[in-house]
Amino acid sequence: MSINEQMVQDIVQDVLAKMQIASDVQGDRGVFKDMNEAIEAAKASQKIVAKMSLDHREKVISNIRKKIMENAEILARMGVQETGMGNVGHKILKHQLVAEKTPGTEDITTQAWSGDRGLTLIEMGPFGVIGAITPCTNPSETVLCNTIGMFAGGNTVVFNPHPAAIKTSIYAVNLLNEASVEAGGPDNIACTVEHPTLETSNIMMKHPAIQLIAATGGPGVVTAVLSSGRRGIGAGAGNPPALVDETADIRKAAEDIVNGCTFDNNLPCIAEKEIVAVDSIADELMHYMVNEQGCYLASKEEQDALTNVVLAGGKLNRKCVGRDAKTLLGMIGVTVPDNIRCITFEGPKEHPLIATELMMPILGVVRAKDFDDAVEQAVWLEHGNRHSAHIHSKNVDRITKYAKAIDTAILVKNGPSYAALGFGGEGFCTFTIASRTGEGLTSASSFTKRRRCVMTDSLCIR
Ligand code: NAD
């Protein structure tokens, strides 16, 4: 087939795919023209949710889980087609993870004290209507995961999704409301607007019905939410380093790090963005990365060409975010076989492709003279986000030292970064990691407020 025929086929496929997206987005449950209307609908819905039994909430959540499983492929496909970012197979896994491992009402626990003076409980109650701002990198994953947690806590939610992922986000909102209505719950447990903008976001942040805002995205949105005068959960940017020392299983470290880095083309905020390797094992690590893990070793000229494309004019080129390694290399005129899944090179920590959160499979390696130097460089590279960091080491004292120094919400030891989301690791799943405001990995209880219920001089039966 000549290139021209291939190009025509690609265009036809693209048009067909876009038509398919348009026909997929048919429902309009929870979707409003006006942000105020969306908030009012979510408010009315929350009045019903507040009266629902926990058991009924759980029935709705279980139907949501079922629908996510049934729609995982279409959501994954839509996300990739609409945003041009990520990998369909990996996005399917992410949706399955949301369905299976996002905590429901079991996350809402009660604390109790009983004694001579009676019984006191701390109950976790709903905020009411929560405002949520979601990223284009995990659009439907975040909408679905946020709603399960927020609804489990007795809330409803209004989303102002990233405009670049609005169709996918609307599809997810539809699905959530469909699931609720089918399970005997109200419509509009999740609402959004047809055309989210900064203006609709501002309306949401200032609306008196919104007592809590959960922002998942880069530094700009988190700062905006934290300046809004409302309580904010800020899940911001990261630049997670993976530190490798000489006690690690170097071959496995290479495999884990490249697997984590290339997952969904490096879109997850927790994914390995650069490596800091102790000098004595740095060459061995790169040997395994290049010879066994599908890494392409970029020359100095190729690094410069990549920098010019990826950080054109010093700004992150959104056309490169979430693209695979082959496509990125294609952009600088380098053709590689299909088994290439990551681009690597050695450079100083200040190298722009190392110091910047790129969200694409480019994995620079910084050499450190010893472990202490590695910790210092990794802390610098994390830029004080206190988001995520990873380490490959068999020495628990060193792991402890690193954990204290880097002070992140997530620290994966001896595994790929996605183990932190419960994928190949213990624990629950979330796509909102509140690094900046300290909730860490959010779940239903993060979206509740603590209320003290006191009975004096009775109900203690000890
Ligand atoms: P982004 O910051 O461009 O957009 C995120 C959301 O914020 C979008 O809905 C956008 O419309 C909105 N937004 C941006 N600036 C705003 C402002 N000033 N006021 C109100 N709304 C605003 O981010 P993105 O490209 O969609 O996602 C990638 C970024 O998000 C990365 O930095 C990544 O690390 C981060 N992220 C963090 C988490 C986490 O859990 N901590 C999860 C996913 C992504």
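Fair warning: this is a prediction, and the values are worked out from it, not measured in the lab. (Residues numbered from 1 in each chain as written. Predicted model: local features only at pLDDT ≥ 70, side-chain atom pairs only at ≥ 80, totals over all residues.)

Contact pair helix α14 (residues 371–382) / helix α15 (residues 396–406): the axes reach a minimum separation of 10 Å and the direction vectors enclose 30°. With respect to α15, the element α14 is oriented roughly parallel. For the crossing formed where α14 meets α15, the hand is right-handed. Side by side, α14 and α15 meet where F371, V375, A378, V379 and E382 of the first sit next to R398, K401, Y402, A405 and I406 of the second. Residues that form the contact of α14 with α15 fall into these classes: 7 nonpolar, no polar and 3 charged. (Axes fitted to C-alpha atoms, helices over the stretch in contact; angles between N-to-C directions. Helix = DSSP H or I, 4+ residues; strand = E, 2+ residues; numbered from the N terminus. Parallel < 35°, antiparallel > 145°, perpendicular 65-115°, else oblique. Left-handed = near helix turned anticlockwise from the far one by under 90°. Contact = placed C-beta atoms within 7 Å. Nonpolar A, V, L, I, M, F, W, Y, C, P; charged D, E, K, R; others polar.)

Moving on: the sheet that holds strand β15 (residues 410–413). By definition, the strands of a sheet pair up through backbone hydrogen bonds, in either a parallel or an antiparallel sense. The parallel open sheet is built from 7 strands, whose spatial order is β11-β12-β13-β10-β9-β14-β15. Here the strands that pair on one side only, and so sit at the sheet edges, are β11 (295–297) and β15. Going across the sheet, the axis of each strand differs from the next one's by a mean of 25°, ignoring polarity. Alignment of strand β9 (residues 241–244) against strand β10 (residues 274–278), held across 4 bridges, turns out to be parallel. (Pairing = 2+ DSSP bridges.)

Turning next to the pairing of strand β14 (residues 388–392). Look at any regular strand and the pattern is simple: side chains alternate between the two faces of the sheet. A large share of β14 lies buried, amounting to 5 of its 5 residues. With burial as the criterion, each face of β14 is covered, one bearing S388, H390 and H392 and the other bearing A389 and I391. Examined bridge by bridge, β9 and β14 share 3 bridges and lie parallel to one another. In the sheet register, A242 faces β14, and the bridge partner there is H390. Where β14 meets β15, 4 bridges bridge the pair, whose relative direction is parallel. In the sheet register, S388 faces β15, and the bridge partner there is I410. (Buried ≥ 20, exposed ≤ 12 C-beta atoms within 10 Å, placed from the backbone.)

The next point concerns the domain arrangement of the protein. Splitting the protein by domain gives domain 1 (27–236 + 440–452) and domain 2 (241–425). Relative to domain 2, the C-alpha centre of domain 1 lies at a distance of 31 Å. Taken residue by residue, the interface counts 15 residues in domain 1 and 15 residues in domain 2. Of all the elements in the fold, those that place two or more residues in the side of domain 1 that touches domain 2 are α4 (88–101) and β17 (440–441). Tallying contributions element by element places α4 first for the side of domain 1 that touches domain 2, with 6 residues. (Domains from an automatic or database assignment.)

With that settled, the discussion passes to the UniProt feature "domain: Aldehyde dehydrogenase" (unreviewed entry) in the protein. Following the UniProt record, one finds the feature "domain: Aldehyde dehydrogenase" (unreviewed entry) at residues 33–291. Along residues 33–291 the backbone is 52% helical and 19% strand, and the end-to-end C-alpha distance reaches 53 Å. (UniProt positions renumbered as here; feature names shortened; annotations may be inferred.)

This paragraph deals with the environment of I399. With respect to the secondary-structure elements, I399 resides in helix α15. With 14 residues separating them along the chain, I399 and K413 place their C-alpha atoms 7.9 Å apart. Residue contacts for I399: discarding those within four places in its chain leaves I391, S393 and K413.

For the rest of this paragraph, the subject is the site of the ligand. As a matter of local geometry, the ligand sits amid 26 residues, with P135, G217, G218, A237 and C269 nearest to it. Looking at the shell around the ligand, the elements with two or more residues in it are α7 (198–206) and α8 (219–226). With 3 residues, α8 is the largest single contributor of residues to the shell around the ligand. Of the residues that constitute the shell around the ligand, the class distribution is 12 nonpolar, 13 polar and 1 charged. (Near = placed C-beta within 6 Å.)

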